[in-house]
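Residue strings, one per chain:
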Amino acid sequence: MFESLSDRLHDVFKQLRGHGRLTEENIQEALREVRMALLEADVNFKVAKEFVATVAEKAIGQEVVGSLAPGQQVVKVVHDQLVELLGGQTATLDLSGRQPVVIMMVGLQGSGKTTTSGKLAKMLQGKGRKPYLVPADVYRPAAIEQLTILGQSLGVGVHPSATDQDPVAICRQAVHAAQSGGYDTLIIDTAGRLHVDQELMAELGRIKDAVQPAEILFVADAMTGQDAVTVAEKFNLDLAISGVILTKMDGDARGGAALSIKKVTQRPIKFVGMGEGLDALEPFHPDRVASRILG
Ligand code: GDP
């Protein structure tokens, strides 16, 4: 996670700290390198440009120039801006609404929606909630089966969806089934396609209208970098997502999606997937991630 960016920034700041005093030119030069490092990490072009401009304004404005340990101060400004870029505060789920609360998982096929639905069920179960998994991808029988097996392994209820049913009807019925079964949280695993497709978006919109979810979580494969950001923008435009879960962060050495998605969509990353196992879902802490990037 973020290895290459971390290495690059480490080199830039090592050089900067080497200067006893810093001129504005030293800082500008270091920030050019920071911008290159961000672009190499596949950060959105505009995001990288704005990031460096803000750091320059703060670092130079704070009279870092000529101060004691100026390199350290520039690192502090970069750290604070990274925290901001990654979303500021740790974002949590808002499950305070009327029960059963609905969480809708959306995203492209292969992004990790089904696995993440299972992971989320396990996490919520650990917090004393009673989740109910709802397979709503009727186009791929394997998806229903996959979620059913996950639910069974967790001892979590799974709605008996069938491929000949309408996904909106499934979700409506699932809400009633959850009510009578004593479940407090529905996790709906919706269908995904290989690409964004208006028919799918319309179906997701109908499900949203029917079940009024408290959370619509956009699940994206972090390794797809800027593509994940572009797709997130489309889903947000059509569905007004409430947050993002970035999966496969364990295999993402660059981190471009994580560093761009909040700024571009204005929606926070709520969790990250760190592996295939059902325990590998973690809250996303912008401050810890920034500290990790800056080593
Ligand atoms: P869906 O089509 O969106 O439902 O995607 P799946 O849940 O079937 O996941 C697709 C593949 O990604 C599976 O092989 C998962 O095991 C894998 N996967 C999901 N999340 C993660 C993760 O956080 N890390 C890793 N390494 N693999 C993941």
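These numbers were taken from a predicted model, which means no experiment stands behind them.

### Section: the overall build of the chain
Looking only at helices and strands, the chain features 11 helices and 8 strands. Referenced to the eigenvectors of the C-alpha coordinate spread, the extents of the chain come out at roughly 70 × 40 × 30 Å. For the chain, contacts bridging at least 24 residues in sequence account for 77% of all contacts bridging at least 6. Summed over its atoms, the accessible surface of the chain is roughly 13300 Å², and 49% of this surface lies on carbon and sulfur atoms. Side-chain charges in the chain split into 31 positive and 36 negative, and the spacing between the mean points of these groups amounts to 3 Å.

### With respect to the confidence of the model for the chain
Averaged over all residues, the pLDDT of the chain is 93; the fraction at 70 or higher stands at 98%. Across the assembled chains, the prediction reports ipTM 0.99 with pTM 0.95.

### Considerations on the pattern of salt bridges
Evaluated as defined, the whole model comprises 12 salt bridges. Taking the shortest distance from any N to any O, the salt bridge between arginine 140 and aspartate 137 comes out at 3.3 Å. Residue class for arginine 140 comes out partly exposed when judged on its relative accessible area of 31%. A single network of salt bridges, built from pairs that share partners, joins Arg8, Glu33 and Glu40.

### A few points about the pairing of strand β6 (residues 243-247)
Counting buried positions along β6 gives 5 out of 5 residues, so the element sits mostly inside the fold. Side chains of β6 alternate between two faces, with Gly243, Ile245 and Thr247 and Val244 and Leu246 buried alike. In terms of strand pairing, strand β5 (residues 215-221) meets β6 through 5 bridges, oriented parallel. Its bridge partner lying in β6, valine 219 is registered against isoleucine 245. Following the backbone out of β5, through helix α9 (residues 226-239) and into the adjacent parallel β6, one traces a crossover that is right-handed. Looking at chain direction, β6 and strand β7 (residues 269-273) are connected through 3 bridges and run parallel. Across the sheet, the residue bridging to leucine 246 is valine 272, located in β7.

### Quick look at the packing of helix α1 (residues 3-18) against helix α4 (residues 70-85)
Taken N-terminus to C-terminus, the directions of α1 and α4 make an angle of 145°; their axes are 8 Å apart at the nearest point. Taking contact as the criterion, the partners of Phe13, Leu16 and Arg17 in α1 are, on α4, Gly71, Gln72, Val74, Val75 and Val78.

### As for the layout of surface pockets
Quantified by volume, the largest pocket comes out at close to 290 Å³. Taken together, 14 residues line the largest pocket, and the ones lying closest to its centre are Arg98, Pro100, Val102, Val211 and Gln212. At the level of elements, β1 (101-106), α7 (167-181) and α8 (198-211) are the ones that each hand at least two residues to the lining of the largest pocket. Considering every element that reaches the lining of the largest pocket, the biggest residue donor is α7, with 4 residues. Along the lines of polarity and charge, the residues of the lining of the largest pocket split into 7 nonpolar, 5 polar and 2 charged.

### Focus: the nonpolar core
Core analysis: the largest hydrophobic core is formed by 78 residues, its most contacted members being Phe13, Phe235 and Leu246. With near-sequence residues (within four places) excluded, leucine 246 lies in contact with Ala220, Ala222, Ala257, Ala258, Ile261, Ile269, Phe271, Val272 and Gly273. In this structure, Leu95, Ile103, Leu120 and Val219 belong to the second largest nonpolar core, which totals 22 residues.

### Here we look at the UniProt feature "domain: SRP54-type proteins GTP-binding" (unreviewed entry) in the chain
Here, the residues flagged by UniProt with the feature "domain: SRP54-type proteins GTP-binding" (unreviewed entry) are residues 268-281. Measuring from the first to the last C-alpha atom of residues 268-281 gives 16 Å, for a span that is 0% helix and 43% strand.

### Remarks on the site of the ligand
Residues in close proximity to the ligand total 18 residues, the closest being Gly110, Thr114, Thr115, Asp250 and Glu276. Glycine 110 places a polar main-chain atom, nitrogen or oxygen, 2.7 Å from an oxygen atom of the ligand. In the model, an oxygen atom of the ligand is placed 3.2 Å from a nitrogen or oxygen of the serine 111 main chain. Considering each element in turn, the shell around the ligand owes the most residues, 4 residues, to helix α5 (residues 113-126).

### Digging into the packing of aromatic side chains
In the structure shown here, the tally under the stated rule is 2 aromatic pairs. Seen from their ring centres, phenylalanine 218 and phenylalanine 235 are 5.0 Å apart, and the 45° between their planes marks the pair as tilted. Here phenylalanine 218, found in strand β5, pairs with phenylalanine 235, found in helix α9; they are 17 residues apart in sequence, far enough to count as distant. The positively charged end of lysine 130 is found above the aromatic ring belonging to tyrosine 183, 4.6 Å away from the centroid. It is arginine 193 that lies over the ring of tyrosine 139; its NZ or CZ is 5.1 Å from the centre.

So, how was this worked out
Residues numbered from 1 in each chain as written. Predicted model: local features only at pLDDT ≥ 70, side-chain atom pairs only at ≥ 80, totals over all residues. Heavy atoms only, no water. Helix = DSSP H or I, 4+ residues; strand = E, 2+ residues; numbered from the N terminus. Contact = heavy atoms within 4.5 Å. Areas by Shrake-Rupley, 256 points an atom, 1.4 Å probe, with all protein chains shown as cover. Lys, Arg positive; Asp, Glu negative; His and termini not counted. Charge placed at Lys NZ, Arg CZ, Asp CG, Glu CD. pLDDT = per-residue confidence, 0-100. Salt bridge = Lys/Arg side-chain N within 4 Å of Asp/Glu carboxyl O. Buried < 20%, exposed > 50% of the residue type's maximum accessible area, 1.4 Å probe, protein only. Pairing = 2+ DSSP bridges. Right-handed = clockwise from strand over helix to strand, strands pointing away. Axes fitted to C-alpha atoms, helices over the stretch in contact; angles between N-to-C directions. 1 Å grid on protein atoms, 1.4 Å probe; cavity = no way out; pocket = protein on both sides within 12 Å on 5 of 7 lines; lining within 4 Å. Points joined across faces, edges and corners; volume = space filled by probe spheres on them. Nonpolar A, V, L, I, M, F, W, Y, C, P; charged D, E, K, R; others polar. Core = buried A, V, L, I, M, F, W, Y, C linked by side-chain atoms within 4.5 Å. UniProt positions renumbered as here; feature names shortened; annotations may be inferred. Near = heavy atom within 4 Å. Polar contact = N/O pair within 3.5 Å; in protein donor to acceptor, adjacent residues only side chain to side chain. Phe/Tyr/Trp six-rings, centres within 6.5 Å; stacked < 30°, edge-to-face > 60°. Lys NZ or Arg CZ within 6 Å of the ring centre and 35° of its normal.

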